[in-house]
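Per-entry structural report
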Amino acid sequence: MAMTIELESAYRATTYRLFLPGGSCELRAGVASETLRCWLETAGVTTFSILTAHNPGSRLTDPDENTQRQAQLECDLLELGYEPYAGENVATDEDWPAEESCFVPGISVAEAMALGERYGQNAIVCGGADGLPELVWLETS
């Protein structure tokens, strides 16, 4: 599914909640987070991404299938040498379920994009040492 104004609005309105050592952090695309910036600095990390395998193409998918897809994404990240932290993407639309996600410190934008595309996502969230999460739209099949 291509980017639309509706999708862009929905993704920007989503809360990207991270469960990091020392506490949680809530993010919005395009809004810098001092909490995340400090965590990244302390961890010595200059890049990050938030990835999910849930609901590819922004189409509601069976919860069991989402769970299996997410487990495979987590295995892929571990096999690539990353230490993903748990997260969840919480839409403001109450009809859309929260999606389990992974916060991946140290991953490059290119590698995060490749994983997002592999799991059929329309977009991923990426950022740098400044703690500013940004939407990155993908070319999905």
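As shown above, the structure is provided for reference.
Now for a description of the structure that goes with this document. Throughout this document, residue positions are counted from 1 along each chain, in the order its sequence is written. Confidence filtering applies because this is a predicted model: local features only for residues at pLDDT of at least 70, side-chain atom pairs given and counted only at 80 or more, and all residues used for totals across whole chains, interfaces and linings. Side-chain measures here rest on the full set of heavy atoms in the structure, leaving out hydrogens and waters.

1. Side note on the environment of Leu18
Helix numbering and strand numbering both begin at the N terminus, where a helix is a DSSP run of H or I of at least 4 residues and a strand a DSSP run of E of at least 2. With respect to the secondary-structure elements, Leu18 resides in strand S1 (residues 15–20). Exposure is judged per residue with a 1.4 Å probe applied to protein chains only, and the accessible area is read against the type maximum: over 50% gives exposed, under 20% gives buried, and values in between give partly exposed. Residue classification places Leu18 among the buried positions, given a relative accessible area of 0%. The spatial distance from the C-alpha of Leu18 to the C-alpha of His54 is 16 Å, given a sequence separation of 36 residues. Pairs of residues are marked as contacts when any of their non-hydrogen atoms sit within 4.5 Å. Discounting chain neighbours no more than four positions away, the residues touching Leu18 are Gly23, Ser24, Cys25, Leu27, Leu36, Ile50, Ala86, Gly87 and Phe103.

2. Details of the pairing of strand S2 (residues 23–27)
At least two DSSP bridges between two strands are required for those strands to pair. In terms of strand pairing, S1 meets S2 through five bridges, oriented antiparallel. Bridging from a neighbouring strand, Leu20 pairs with Gly23 of S2. Linkage of S1 to S2, two consecutive antiparallel strands, is achieved through a turn of two residues, within which Gly22 is found at a positive phi near 95°.

3. Comments concerning the state of the cysteines
Two cysteine sulfurs form what is called a disulfide whenever their separation falls within 2.5 Å. The final tally for this structure, using the stated rule, is zero disulfides. Distance from the sulfur of Cys25, which forms no disulfide, to the nearest cysteine sulfur (Cys38) is 10.0 Å.

4. Topic: the pairing of strand S4 (residues 85–90)
Only one face of S4 is buried: it carries Tyr85, Gly87 and Asn89, and the other face, with Ala86, Glu88 and Val90, is open. Examined bridge by bridge, S1 and S4 share four bridges and lie antiparallel to one another. From the neighbouring strand, Leu18 faces S4, where its bridge partner is Gly87. The pairing of S4 with strand S5 (residues 99–105) spans five bridges and is classified as antiparallel. Its bridge partner being in S5, Glu88 is matched across the sheet by Glu100.

5. Let's talk about the pattern of salt bridges
For this analysis, a salt bridge means a side-chain nitrogen from Lys or Arg found within 4 Å of a carboxyl oxygen belonging to Asp or Glu. Counting across every chain of the model gives six salt bridges. When the shortest N-O distance is used, the salt bridge between Arg118 and Asp76 registers 3.2 Å. With Arg118 in helix H4 (residues 109–118) and Asp76 in helix H3 (residues 63–79), the pair connects residues that are 42 residues apart, well separated along the chain. Overlapping salt bridges, with partners in common, bring together Arg17, Glu26 and Glu88 in one network.

6. Here's the deal with the sheet that holds S2
The strand order across the open sheet formed by seven strands is S2-S1-S4-S5-S3-S6-S7, and the pairing between neighbours is antiparallel. Whereas interior strands pair on both sides, the edge strands pair on one side only; in this sheet they are S2 and strand S7 (134–137). Across this sheet, the average inter-strand angle for adjacent strands is 30°, counted without regard to direction. Lines fitted to the C-alpha atoms define the axes, with helices restricted to the stretch that makes contact. Angles between their N-to-C directions range from 0 to 180 degrees. Contacts between helix H1 (residues 5–13) and the sheet are confined to S1, strand S6 (123–128) and S7, with S7 contributing the most and set at about 145° to the helix.

7. Concerning unusual backbone geometry
At Asn55, a position not held by glycine, the phi torsion is positive, near 45°. Structurally, the position occupied by Asn55 is in the loop between strand S3 (47–51) and H3. Unlike most non-glycine residues, Ser58 shows phi in positive territory, near 55°. Structurally, Ser58 is set in the loop between S3 and H3.

8. Digging into the packing of aromatic side chains
Put simply, two rings from Phe, Tyr or Trp (the six-membered ring, in Trp's case) pair if the centres are within 6.5 Å, and we call them stacked under 30 degrees between planes, edge-to-face over 60, tilted for the rest. As enumerated under the stated definition, the model contains five aromatic pairs in all. Residues Trp39 and Tyr85 carry aromatic rings whose centres are separated by 5.6 Å and whose planes lie at 85° to one another, so their mutual orientation is edge-to-face. A residue pair is termed long-range when its members are at least 10 positions apart, and Trp39 in helix H2 (residues 34–43) and Tyr85 in strand S4 qualify at 46 residues. Its relative accessible area of 17% is what places Tyr85 among the buried residues. Summarising the aromatic geometry, the rings of Trp39 and Phe103 are spaced 5.7 Å apart at their centres and angled 75° between planes, so their arrangement reads as edge-to-face. Taken together, the residues Trp39 in helix H2 and Phe103 in strand S5 connect sequence positions 64 residues apart. Comparing Trp39 with Phe103 shows no difference in burial state: the two are buried. Here the aromatic cluster, defined as three or more aromatic residues joined through ring pairs, consists of Trp39, Phe48, Tyr85 and Phe103.

So, to be careful, I would describe these as geometric facts and stop short of saying anything about function.
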